[in-house]
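Spelled out from the first residue to the last, the chains are:
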Amino acid sequence: MKSFASAASLDGMPYRVAVTRTEQAVYPSVLPFSPDIAYPEYGFGHLDNEPNAAYAAVRRVFALAGLDPAGVGTTRWNPLGEFVPPGGTVVLKPNLVCQAHPRDPAGWRWVLTHGSVIRAVADYALRAVGTAGRVVVADAPQTDSSFAGIITVLGLDGLRRFYRERGYTFDLLDLRQEEWTSRGGVVVARRRLPGDPASAVAFDLGAASEFAGHPGTGRYYGADYDSRVVNGHHTGGRHEYLLSGTVLQADLVVNLPKLKSHKKAGITLGMKNLVGVNADKNWLPHHTEGWPGNHGDEHPRPGPAHRLERALAGGLRWAALAWPQLGTGALRVARRGGTRVFGDGDTTIRSGNWWGNDTVWRMSLDLNKIIEYGWPDGTLAERPRPGRHLVLVDGIVAGHRNGPMDPDALPGRLVAFGTTPAAVDAAATVLFGFDPDRIPTVRQAFRCRRLPLAAGDWRDVELVGDDPTWQGRIGLLRPAASLQAEPHFAWRGQVELPEPEPPAPRRQEPDGPTPAWAEAGAP
């Protein structure tokens, strides 16, 4: 029997999102993050003495979602079994953006998806696929991040040993083709990486892209200061992306985002987290150069200082491309001086880092279309591939204010789950304390005309959980019941959750039978 979560689809049925809360905003610290309770279905033997609220929360939210309801509480419970067969492949896609927080040595806990959450989901994925199957943790971190450093801080290398000792296949995969070394915010070295062993698959969404008709052609800015690459893939009606072959070939993708604010998108959740399934992030438009007056979104109101900074940066980027040795050194020196003169990224708007960014949501939704409709040969199905993409949100410790890289900790005590990413993101956005109508990635996910991602109104998404204040339609949730997260400084005052609108007054019906003249519409 299908769970309530997998039952909702594009046919207009209501979406439901399961949510649970932990007693404390604490992760376990002892590897390999085993549970402290011998649950009936648990088959890995090892238990920890330390309480593991993260494992309990993942288990609880799967049960709340109605996964394998007949097996709950028994040794045969297999919550992910309805989505992937024995011997299949599951890709876990956490947020592995960077190994460190810029200000706080412990801050990676509210920047990255925690290893204990990954462990719990991996247990249930391996239970579904068995020793003949495979679970892969895959991501494309920020290009100047260390993948080795990330898996070490999260304990994923120890987790890999734990599973392999028990005969299971558990792989860690860096999807990037390059790792950069940056100094002072400038790329000074590029190292080629093996990339995805299943290679990469190119897609052209064409007219089905959310960029179709957008007036930014030729002015897109990607992940590198060489913007010729990104603009070469988004021109002449083509809108191309290069995605991981491993992800596209998987039977099931379990998206494991970290609940955080985001300088370009407002919030980062499951849909934005798919940026990490790319083989080349420089195919991804991040902002459009210019300002709203000329259909750009780099800056809301560029004054003399911003125009001067942009002119200087453009010249130095050109020099870095023409004379790499000399140009990158000059660009690095200029960035240090420019920060003192023009302001740093935590106080100054630049590069599309504000609430008017009209680019990044389009890119994020395009990636979701490919995951939902794409085949490993680069073609697109007419209908989404059902039950292939699940989302589980790690919000036990969330990150707010200047996310995604430099957030402050927010004790969320939250884990949410569902099978429709747009619905999960809408629910988590509201619970965070933001308005989905002001988060373009969430709002527009319910409005896609070509290759739709969700139907209906986000307000009708229903919460099912164990917290009495987090129940029912998310459109009725009051701001005081949310986490009341604070947005990135350039989104402040634009995205906070408003009080719900009162229901429309019901027309009062007359007592007794309706008079014949009323039925006839007589005056």
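Just above sits the structure.
Let me begin by describing the structure that accompanies this report. Numbering of residues begins from 1 in every chain and follows the order in which that chain's sequence is written. Only residues with pLDDT of 70 or above have their local features reported here, since the model is predicted, and side-chain atom pairs are shown and tallied only from 80 upward, although totals for entire chains, interfaces and linings are computed over all residues. Side-chain measures were taken over the full set of non-hydrogen atoms in the model, leaving aside hydrogen atoms and water.

## Describing unusual backbone geometry
Between L31 and the following residue, P32, the backbone shows a cis peptide bond with an omega angle of 10°. Structurally, P32 can be placed in the loop between β1 (16–21) and α2 (53–64). Put simply, G403 and P404 share a cis peptide bond, and its omega is 15°. Of note in the backbone geometry, F33 takes a positive phi value of approximately 60° without being a glycine. Runs of E in the DSSP output that reach at least two residues are strands. Runs of H or I that reach at least four are helices, and both are numbered from the N terminus. Residue placement: F33 occurs in the loop between β1 and α2. Classification of F33 as buried rests on a relative accessible area of 6%. Even without a glycine there, the phi angle at S199 is positive, about 65°. With respect to the helices and strands, the residue S199 is situated in the loop between β6 (186–192) and β7 (200–204). Each residue is assigned to one of three classes by its accessible area relative to the maximum for its type, calculated with a 1.4 Å probe on protein chains only: buried under 20%, partly exposed between the two thresholds, exposed over 50%. Look at S199 and you get partly exposed, because its relative accessible area is 44%.

## A short note on the sheet that holds strand β10 (residues 238–244)
Ordered in space as β7-β10-β9, the three strands form an open sheet in which the pairing is antiparallel. Of all strands in the sheet, those with a lone pairing partner are β7 and β9 (234–235), marking the two edges. As paired strands, β9 and β10 are joined by two bridges and run antiparallel to one another. Each bridged residue has a counterpart across the sheet, and for T235 the counterpart in β10 is R238. Contact definition: two residues touch when any of their heavy atoms are within 4.5 Å. Note on geometry: axes are C-alpha line fits, over the in-contact stretch for helices, and angles between N-to-C directions span 0 to 180 degrees. Across the sheet, helix α11 (residues 360–373) is in contact with β7 and β10; its angle to β10 comes to roughly 60°. Pairs of strands are assigned from DSSP output, requiring at least two bridges between the strands.

## Re the nonpolar core
Within the largest apolar cluster, 60 residues are counted, with the highest numbers of intra-cluster contacts made by F62, L80, V90, L92, Y163 and L392. In terms of residues, this core owes the most to one element, helix α3 (residues 115–129), which gives 10 residues. Those residues in contact with V90, other than ones at most four positions away along the chain, are V84, A125, V129, R134, V135, V136, L252 and V254. L365, A454, F489 and A490 belong to the second-largest nonpolar core, a separate cluster that totals 46 residues. In these notes, a set of buried Ala, Val, Leu, Ile, Met, Phe, Trp, Tyr and Cys residues joined through side-chain atoms within 4.5 Å is what counts as a nonpolar core.

## Notes on the side chain of S244
Turning to its location among the elements, S244 is positioned in strand β10. Counting of polar contacts relies on pairs of N or O atoms within 3.5 Å, with two restrictions inside protein: one atom must be capable of donating a hydrogen and the other of accepting it, and residues adjacent in sequence are counted only when both atoms are side-chain atoms. Reaching out from S244, the side chain makes a polar contact with the side chain of D196 at a distance of 2.6 Å. Of note is the side chain of S244, whose polar atom sits 3.2 Å from the backbone nitrogen of T246.

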